Amino acid sequence: MAAVERHVIDRGDGASVELFQAERTGGAPMGAILFVHGNQGGMLLGAKEAADNGTLLRFSSRLNVTAASVSQPGFGASEGPADFCGPATQRAIIAALDFLKAQPAVDPARIVLYGNSRGAVASAMVAAQVADLRALILSGGVYDLKEAYQNSAPGLQQAIIREAGTSDEAFLERSALYYAHEIRAETLLLHGQYDDRAPIEQAETFAAALSQARVPAALHRFECGHQIPLEQLTPVLRDFLTSVLAPATATYH
């Protein structure tokens, strides 16, 4: 059975990036999935959350893939400061993807990037820079940060001001809507119909932009808010992941 191992890798600029990984054992190289966490309610656990709650082992064993999670700058043991999904966070995710591609158990052409909430914001930007992702899963993200900032709660506005600033350049560096034509990976958007943190219109607009750019993209709406219940999420993930990543005989419960 796979075990979860912790790694500290270089971001490419001397800063450390924390990564947890459950690697499948034996056989030919298979796919991999990299999780990018959300805000975590201020607990700053980073990638350790997916290791501790069993997510990595569950995905690895049931899909027969390598499952990994990466801590964004300012979370876990990844060196900060946090930059609200900006260039440093994007470099950390790219470094984690490069680490996975070099693993003997991983087929580098079959890697899925899965970002949740602020992790989705950064992952969408990474997908515009990494051309060989097999697929992209984005849950509860925003893709035009300036528009989201103007209509968000004061707490979120303060986080954006503190970590990113409000210049046009800062917003553009974190708004995948304007880079949809650069994305190549098949994309699954997951979004709560009543999300009060990331309005459903953000996902709808981004899905339309991807389709216009001829990117295979699907938006799945859930009858919920920002947090998608596991019982609703599981069958959607199972169908998508088994089609893009896992052998036909694999199951996800």
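Residues numbered from 1 in each chain as written. Predicted model: local features only at pLDDT ≥ 70, side-chain atom pairs only at ≥ 80, totals over all residues. Heavy atoms only, no water.

Caption draft 1: Spatial organisation of the overall build of the protein chain. Counting its secondary structure elements, the protein chain contains nine helices and eight strands. In terms of overall size, the protein chain behaves like a compact globule, its C-alpha atoms giving a radius of gyration of 17 Å where 253 residues would be expected to give roughly 18 Å. When the backbone C-alpha atoms are referred to their principal axes, the protein chain occupies close to 50 × 40 × 30 Å. Here the protein chain holds 253 residues, and the buried ones make up 53% of them. Within the protein chain, counting contacts between residues at least 6 apart in sequence, those at least 24 apart form 72% of the total. (Helix = DSSP H or I, 4+ residues; strand = E, 2+ residues; numbered from the N terminus. Rg over C-alpha atoms; globule rule 2.2 N^0.38 Å. Buried < 20%, exposed > 50% of the residue type's maximum accessible area, 1.4 Å probe, protein only. Contact = heavy atoms within 4.5 Å.)

Caption draft 2: Local environment of the sheet that holds strand E1 (residues 4-10). Spatially, E1-E2-E4-E3-E5-E6-E7-E8 is the arrangement adopted by the eight strands of the open sheet, whose pairing is mixed. The sheet is open, and its two edges are formed by E1 and strand E8 (217-222), each paired on a single side. Geometrically, the sheet is characterised by an average inter-axis angle of 20° between neighbouring strands, direction not taken into account. Here strand E7 (residues 186-192) runs beside E8; their pairing, made up of six bridges, is parallel. (Pairing = 2+ DSSP bridges. Axes fitted to C-alpha atoms, helices over the stretch in contact; angles between N-to-C directions.)

Caption draft 3: Spotlight on the packing of aromatic side chains. Counted by the stated rule, this structure contains four aromatic pairs. Ring plane angle 35° and centroid distance 5.3 Å describe the contact between Phe 35 and Tyr 114, whose orientation is recorded as tilted. Of the two residues, Phe 35 is situated in strand E3 (residues 30-36) and Tyr 114 in strand E5 (residues 106-116); the sequence distance between them amounts to 79 residues. One aromatic cluster is present, formed by Phe 35, Phe 59 and Tyr 114 through successive ring pairs. (Phe/Tyr/Trp six-rings, centres within 6.5 Å; stacked < 30°, edge-to-face > 60°.)

Caption draft 4: Quick peek at the nonpolar core. Core analysis: the largest hydrophobic core is formed by 52 residues, its most contacted members being Leu 34, Ile 93 and Phe 206. For Ile 93, the residues in contact, after removing those within four places along its chain, are Leu 34, Val 36, Val 70, Leu 113, Ala 122, Ser 123 and Val 126. (Core = buried A, V, L, I, M, F, W, Y, C linked by side-chain atoms within 4.5 Å.)

Caption draft 5: Layout of the confidence of the model for the protein chain. Here the protein chain averages 93 in pLDDT, and 96% of its residues register 70 or above. Counting interchain partners and residues more than four positions distant, the pLDDT-below-50 stretch residues 248-253 has 14 contacts. (pLDDT = per-residue confidence, 0-100.)

Caption draft 6: View of helix H9 (residues 230-244). Here H9 contains 15 residues, and its C-alpha end-to-end distance of 20 Å stays within 8% of the 21 Å for a straight helix at 1.5 Å per residue. Those residues of H9 not exposed but buried are Leu 233, Thr 234, Val 236, Leu 237, Phe 240, Leu 241 and Val 244. On its buried face, H9 sits against E3, helix H2 (55-63), E5, strand E6 (135-139), E7 and E8. (Expected span 1.5 Å × (residues − 1).)

Caption draft 7: Up close: the pairing of E5. As defined by bridge partners, E3 adjoins E5 across six bridges and the pair is classed as parallel. In the strand pairing of E5, Ala 32 is matched with Ile 111. Bridge analysis of E5 against E6 gives five bridges, and the strand direction is parallel. Within E6, the residue paired with Gly 115 across the bridge is Leu 138. The β-α-β motif built from E5, the intervening helix H4 (residues 118-127) and the parallel element E6 has right-handed crossover chirality. (Right-handed = clockwise from strand over helix to strand, strands pointing away.)

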